[in-house]
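Now for the letters of each chain:
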Amino acid sequence: MDGDLDRVHALVLDPRRFGSVAEREAYFRALESRYLDVETAMNRMMALPTWDDRSSGWVDDQLALTTAVVHQVGTLRGEYDDARSWGDDALARGRHGSPLRRADLMLHLSELHRVTGRFDRAKELVSEAVELLHLDELSAEDVDALAPVTCHAFFCLGALAYWEGRPDEARPLLQHAMTHGGDSVPHLWSLVNHALMVTDAGDHESALAFEEAAVAMAERMGDALAITAVRNNRAGTLRHLGRLQEAHDEFAAILPGILADDIPDAVLTSCEDFACVLFDMGHDRDAALLVGAAGAEREDTGVPRMPLQEAAVATSIAAGRERLGADWEPLLARGAELGVLAAVASALRSPRD
């Protein structure tokens, strides 16, 4: 078994995952082509009755591997159920692992629980990670020394505070991740969450500035998935600013790539955001088909619409529903039959006034 694990370690923890755009693409292709190897090795490792008879170094190595799998296979590939199960199992078996490695896994795993609607578990994992790190007791030097895990912890605390409606608590936590994060994933998403907070306050111009900075950072990092995700948020801000054709054109540019990547959370969020642009432009039938298709896929994949997302789309959807009247339910049903791919293709093909 250890030989299989060594090969999976080399595959999943390949340094190319942090390399250039070309290196990342090669990494993802290799990971995709050998997903069965990863799945087999992870299932065998989690089938072990205990890890207590293994060395502390071995346990930490498996925690590091599982953390990477949770991120690469779960968050970035959309295999939420497998990755969440492996992460939970690794935490249970690796209870004697080092605090840093356990905290790192907890923070990455919390995102999978949040995306799949397990908000209490997500919050619990972040709290446990913060306690393991003794985050409130660390000096600035300690925070830097333990980065990026500490920056990730500050980001997760800030994001949770924001999602729970406590923006005043969220701001300094997200600012901490920005200050200490450099060009990093926590820094990038701190910018995005700052954009969301000022959007809530109605300051869409400031939100756009945060999003432009996040796009620039993602481009410097060569993170194609992050670039697309932030462009999606920027398109939503353009909608709020009344720049509907620009928002439409942005979605038309990014949606084919989002659909090809096939990460459920990203696909469904982008489709519903695009539907709001269509509703606001008066293209109600196309928009209703998208809402129906996205709703059916949310049920199939177990990825609920988050409260923040609900608030962002509610007004446009309600207005479209009222205009469509008796046609609303049949269009939703038709969208569910079509599926997301066909509904998006139909919307993009439709002539625009």
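All figures in this text were calculated on a predicted structure; none of them were measured in a lab. (Residues numbered from 1 in each chain as written. Predicted model: local features only at pLDDT ≥ 70, side-chain atom pairs only at ≥ 80, totals over all residues. Heavy atoms only, no water.)

### A closer look at the packing of helix 9 (residues 149-163) against helix 10 (residues 167-181)
We apply this condition: Axis geometry follows a simple rule: fit a line to the C-alpha atoms, using only the stretch in contact for helices, then measure angles between N-to-C directions, giving values from 0 to 180 degrees. Per the convention used, a helix needs a DSSP run of H or I reaching at least four residues, while a strand needs a run of E reaching at least two, with both numbered from the N terminus. Throughout this description, any angle smaller than 35 degrees is read as roughly parallel, any larger than 145 degrees as roughly antiparallel, any in the 65 to 115 degree range as roughly perpendicular, and the remainder as oblique. The handedness criterion is simple: a crossing whose near helix is rotated anticlockwise from the far helix by less than a right angle is left-handed, and one whose near helix is rotated clockwise is right-handed. In what follows, residue pairs with any heavy atoms lying within 4.5 Å of each other are defined as contacts. Put simply, Ala, Val, Leu, Ile, Met, Phe, Trp, Tyr, Cys and Pro go in the nonpolar bin, Asp, Glu, Lys and Arg in the charged bin, and everything else, Gly too, in the polar bin.
Here helix 9 crosses helix 10 at 155°, and the two axes come no closer than 7 Å. One way to sum up the angle between helix 9 and helix 10 is to call them roughly antiparallel. Regarding helix 9 and helix 10, the two cross each other, and that crossing is left-handed. Of the residues in helix 10, those touching helix 9 at Cys-151, Phe-154, Phe-155, Leu-157, Gly-158, Ala-159, Ala-161 and Tyr-162 are Pro-167, Glu-169, Ala-170, Leu-173, Leu-174, His-176, Ala-177, His-180 and Gly-181. Looking at the contact of helix 9 with helix 10 residue by residue, the class counts come to twelve nonpolar, four polar and one charged.

### Details of helix 11 (residues 185-200)
The condition that has to hold: To estimate the expected span of a helix, subtract one from its residue number and multiply by 1.5 Å. Burial classes: relative accessible area under 20% of the type maximum marks a residue as buried, over 50% as exposed, and values in between as partly exposed (1.4 Å probe, protein chains only). N or O atoms closer than or at 3.5 Å make up a polar contact, with two conditions inside protein: a donor-capable atom paired with an acceptor-capable one, and, for residues adjacent in sequence, both atoms drawn from side chains.
When the terminal C-alpha atoms of helix 11 are compared, their 23 Å separation across 16 residues agrees well with the 22 Å that a helix rising 1.5 Å per residue should span. Counting buried residues along helix 11, twelve of its 16 residues qualify, which places the element largely inside the surrounding structure. Turning to helix 11, its buried residues are Pro-186, His-187, Leu-188, Ser-190, Leu-191, Val-192, Asn-193, His-194, Ala-195, Met-197, Val-198 and Thr-199. Buried residues belonging to helix 11 abut helix 9, helix 10, helix 12 (204-221) and helix 13 (224-240). The N-terminus of helix 11 is capped by Ser-184, whose side-chain oxygen sits 3.2 Å from the backbone nitrogen of His-187. Backbone geometry just downstream of helix 11 places Gly-202 in the positive-phi region, at approximately 85°.

### Some details on the side chain of Thr-116
Take Thr-116: it is sitting in the loop between helix 6 (99-115) and helix 7 (119-133). Look at Thr-116 and you get buried, because its relative accessible area is 8%. A distance of 3.1 Å separates the side chain of Thr-116 from the side chain of Arg-118, its partner in a polar contact.

### Structural notes on the environment of Ala-92
Summarising the element assignment, Ala-92 is placed in helix 5 (residues 80-93). When its relative accessible area of 47% is taken as the criterion, Ala-92 is described as partly exposed. Ala-92 sits 222 residues away from Ala-314 along the chain, and the two C-alpha atoms are 40 Å apart.

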